[in-house]
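A structural walkthrough
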Amino acid sequence: MAVANNKNVDGETAEAACVERRAAMAVLAQAEADDIERGLRLVGDGVEFTEPRPVETGLIMLRGRIGGDGAPFNAGEATVTRAAVQLASGIIGFGYVLGRDHRKARAVALCDALLQADDYRLSVEQHVLAPLRLAQQQRRVFARAQTAATRVDFFTLVRGEDER
Amino acid sequence: MYVAVKGGERAIENAHALLADVRRGDRAVPELSLAQIDNQLALGVDRVMCEGSLYDRELAALAIKQARGDMIEAIFLLRAYRTTLPRFGASEPVETADMNIRRRISATFKDLPGGQVLGPTFDYTHRLLDHALAQASEVPPAATASASEATFRSVTDLLADSSLIEAEDAQDGEVGDLTREPLSFPAGRDLRLQNLARGDEGFLLALGYSTQRGFGRNHPFAGEIRYGEVEVEFFAEDVGFAVPLGMVSLTECQMVNQFAGSGTQAPHFTRGYGLAFGQSERKTMAMALVDRALRARELGEETGAPAQDEEFVLSHSDNVQATGFVEHLKLPHYVDFQAELGLLRQLRAEFAERAADNQISDTPLQDAAE
């Protein structure tokens with residue numbers, strides 16, 4: 001995995017940090033802005049940050065693979081919103097999310113920045129990520145259980161002429 | 001010839017106000033919300049996203065509302081909207097193998113890892129109008145059952161284990177994009193699939209049907225159809241790694257078709273592929289049939305059927321282009337028509353003149369015949 005902006009730590013730690021940030025982004029991207037912000041308020045209302053560039057909505061071309069496992073092709077576009085925030089310490093966080101919700105992209109970027117700040121990492125994990133992860137896990141389990149109820153159980157009919 | 005015609009501004013303005021009025025309809029009836037359209041007309045939203053070639057449920061719902069339910073008009077609105085946004089780049093290819101499955105069926109194998117899971121489907125319903133739905137009703141929650149951790153290996157993967165099916169070439173080369181470069185022929189399979197993915201469902205359905213009826217037969221089996229959510233990742237330069245952007249709903253269809261082989265290659269099944277936004281099963285099945293039909297030449301099959309004609313299929317699949325050209329006929333063509341009218345009058349005058357000449361010379365002959 002490519003790593004950037006981590007010149008002050010050794011490669012391995014930086015890579016581990018990226019894996020963690022990616023995992024957090026996966027959870028945040030599936031959450032609602034309101035729920036992320038509710039958690040962030042518990043982390044602390046007074047976090048100061050600036051936005052090095054304005055929040056922006058654009059498109060990404062969504063790619064599939066030919067036959068599901070072949071060469072890539074362009075399946076169609078999707079709306080994406082991106083944000084960047086910078087903490088007073090200089091740490092930069094990014095938010096990239098499907099859709100057009102500026103508030104959500106900014107909240108995700110703020111979480112990403114705080115996760116890289118030693119004073120905040122645990123608090124974000126506890127107040128933002130943990131409840132979101134739990135809710136998403138419950139939703140997934142429920143959806144999977146509903147789907148499982150529609151699994152076909154085949155049974156073989158014993159035909160009379162075979163019984164002899 | 002095009003000549004600007006002025007006038008009619010007031011009429012146009014009032015027509016648009018009237019459109020807004022009838023769109024709202026009877027004010028005593030509650031107005032539709034976008035959430036209602038998204039939730040309760042979800043498959044319509046899916047279709048507009050697919051053919052509008054833009055994944056955004058809320059925008060598709062808005063387009064349906066604005067278009068009064070006219071799907072092609074809604075698709076047009078979405079296509080127009082996308083041109084107003086910058087493109088950040090392309091996603092990593094989505095992994096449909098890792099899909100959170102909501103439905104997965106196979107018409108080729110009864111028992112397969114993960115099983116046959118019907119999910120929310122119209123299949124096996126009786127297609128009788130349900131008058132209970134005419135009233136607001138309490139819907140009981142759907143049943144649940146314990147889910148196994150079994151993964152849903154794809155049918156093509158299972159067939160590939162014993163080399164019974166052709167393998168796709170997974171080379172990540174340059175990916176064609178018909179929104180950037182106009183289509184030229186012959187088109188690679190990547191461009192053909194992009195075209196079909198945004199193509200009109202009705203057009204593809206008719207073409208797919210035509211192959212089944214004998215116009216380019218390719219002996220298809222629905223090897224697998226799966227619908228569910230997949231994660232989208234985007235490599236963001238500024239972040240430095242592939243960022244998960246969230247989940248999208250997709251439907252995928254793997255058609256398994258009759259054999260190919262050669263002196264150097266053992267006979268094996270061939271494949272047709274369909275992929276579409278949302279729960280779009282009919283669309284992906286039709287797409288897979290047409291994808292396979294368009295491979296006829298590559299596979300050394302007899303060609304000549306409409307569904308095998310790449311230029312014909314790809315040039316007429318886009319309903320926004322098609323509606324633009326058909327519907328432009330209703331715009332003022334006054335000057336064109338005046339020219340035609342002038343020409344027709346001249347032809348008629350010449351005809352009358354010739355008829356008059358003939359009559360003079362014909363009369364004695366006619367008399368003689370009598």
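Residues numbered from 1 in each chain as written. Chains lettered and ligands numbered in written order. Predicted model: local features only at pLDDT ≥ 70, side-chain atom pairs only at ≥ 80, totals over all residues. Heavy atoms only, no water.

**So, unusual backbone geometry**
All names here are of chain B. That bond from Phe 185 to Pro 186 is cis: its omega, 0°, falls within 30 degrees of zero. With respect to the secondary-structure elements, Pro 186 resides in the loop between α6 (155–161) and α7 (189–197). Although it is not a glycine, Ser 53 adopts a positive phi angle of roughly 60°. Residue placement: Ser 53 occurs in the loop between α3 (42–52) and β1 (54–55). According to the relative accessible area criterion, Ser 53 is buried, its value standing at 5%. At Ser 163, a residue that is not glycine, the phi angle is positive and equals roughly 55°. (Helix = DSSP H or I, 4+ residues; strand = E, 2+ residues; numbered from the N terminus. Buried < 20%, exposed > 50% of the residue type's maximum accessible area, 1.4 Å probe, protein only.)

**What about the interface of chain B and chain A?**
Listed per partner, the contact involves 77 residues of chain B and 58 residues of chain A. In total, about 6,000 Å² of surface goes out of reach between chain B and chain A, with carbon and sulfur atoms giving 60% of it. Here chain B and chain A share eight salt bridges between them. Its salt-bridge partner being Glu77(A), residue Arg87(B) comes within 2.8 Å of it at the nearest N-O pair. For the interface between chain B and chain A, the tally reads 31 residue pairs in polar contact (both at pLDDT 80 or more). The dominant element in the side of chain B that touches chain A, judged by the number of residues it contributes, is strand β5 (residues 241–260) of chain B, at ten residues. For the side of chain B that touches chain A, the residue count by class is 37 nonpolar, 19 polar and 21 charged. Of the pairings in the sheet, the one linking strand β1 (residues 49–65) of chain A to strand β2 (residues 87–90) of chain B comprises three bridges and is parallel in character. Paired with Ile60(A) across the two strands is Gly89(B), which belongs to β2(B). (Contact = heavy atoms within 4.5 Å. Buried area = accessible area lost by both parts, 1.4 Å probe. Salt bridge = Lys/Arg side-chain N within 4 Å of Asp/Glu carboxyl O. Polar contact = N/O pair within 3.5 Å; in protein donor to acceptor, adjacent residues only side chain to side chain. Nonpolar A, V, L, I, M, F, W, Y, C, P; charged D, E, K, R; others polar. Pairing = 2+ DSSP bridges.)

**Some details on the packing of aromatic side chains**
With the rule as written, the count across this model stands at five aromatic pairs over all chains. Judged by centre distance (6.3 Å) and plane angle (85°), the rings of Phe73(A) and Tyr273(B) are edge-to-face. Placement of the pair is Phe73(A) in strand β2 (residues 72–87) and Tyr273(B) in strand β6 (residues 268–277), with the two residues belonging to separate chains. Here Tyr273(B) falls in the buried class, since its relative accessible area comes to 1%. Between Phe259(B) and Phe269(B) the ring centres are 5.5 Å apart and the planes differ by 50°, which places this aromatic pair in the tilted class. Highlighted residues: Phe259(B) in strand β5 and Phe269(B) in strand β6, separated in sequence by ten residues. Taking relative accessible area as the criterion, Phe259(B) reaches 52% and is therefore assigned exposed. Arg82(A) extends its terminal NZ or CZ atom over the ring of Phe88(B), reaching a point 3.7 Å from the ring centre. (Phe/Tyr/Trp six-rings, centres within 6.5 Å; stacked < 30°, edge-to-face > 60°. Lys NZ or Arg CZ within 6 Å of the ring centre and 35° of its normal.)

**Considering the confidence of the model for chain A**
Taken as a whole, chain A shows an average pLDDT of 90; of its residues, 89% reach a score of 70 or greater. In this model, residues 1–7 of chain A is a region of pLDDT below 50 whose contacts with residues beyond four sequence positions or in other chains number 16 contacts. (pLDDT = per-residue confidence, 0-100.)

**A word on helix α4 (residues 121–148) of chain A**
Most pronounced at Leu129(A), the bend in α4(A) amounts to some 40°, and the proline Pro131(A) follows within four residues. Turning to α4(A), its buried residues are Ser123(A), Val124(A), Val128(A), Leu129(A), Leu132(A), Gln136(A), Ala145(A), Gln146(A), Thr147(A) and Ala148(A). Those residues of α4(A) that are buried are in contact with α1 (11–29), α2 (33–43) and α3 (102–115) of chain A together with β3 (100–105) of chain B. (Bend = angle between axes of the 7 residues up to and from the residue.)

**Considering the sheet that holds β6(B)**
Read across the open sheet, the four strands follow the order β3-β4-β5-β6 (chain B); overall the sheet is antiparallel. The sheet is open, and its two edges are formed by β3 and β6 of chain B, each paired on a single side. Ignoring which end each strand starts from, the neighbouring axes of this sheet average 30° apart. Of the strand pairs in this sheet, β5(B) and β6(B) are connected by nine bridges, and their pairing is antiparallel. Counted as the bridge partner of Met255(B) is Gly272(B) from β6(B). Against the sheet, α1(A) engages β4 (221–236) and β5 of chain B, with an angle of about 80° to β5(B). The sheet strands contacting helix α9 (residues 281–293) of chain B are β3, β4, β5 and β6 of chain B, and the helix crosses β6(B) at an angle near 140°. (Axes fitted to C-alpha atoms, helices over the stretch in contact; angles between N-to-C directions.)

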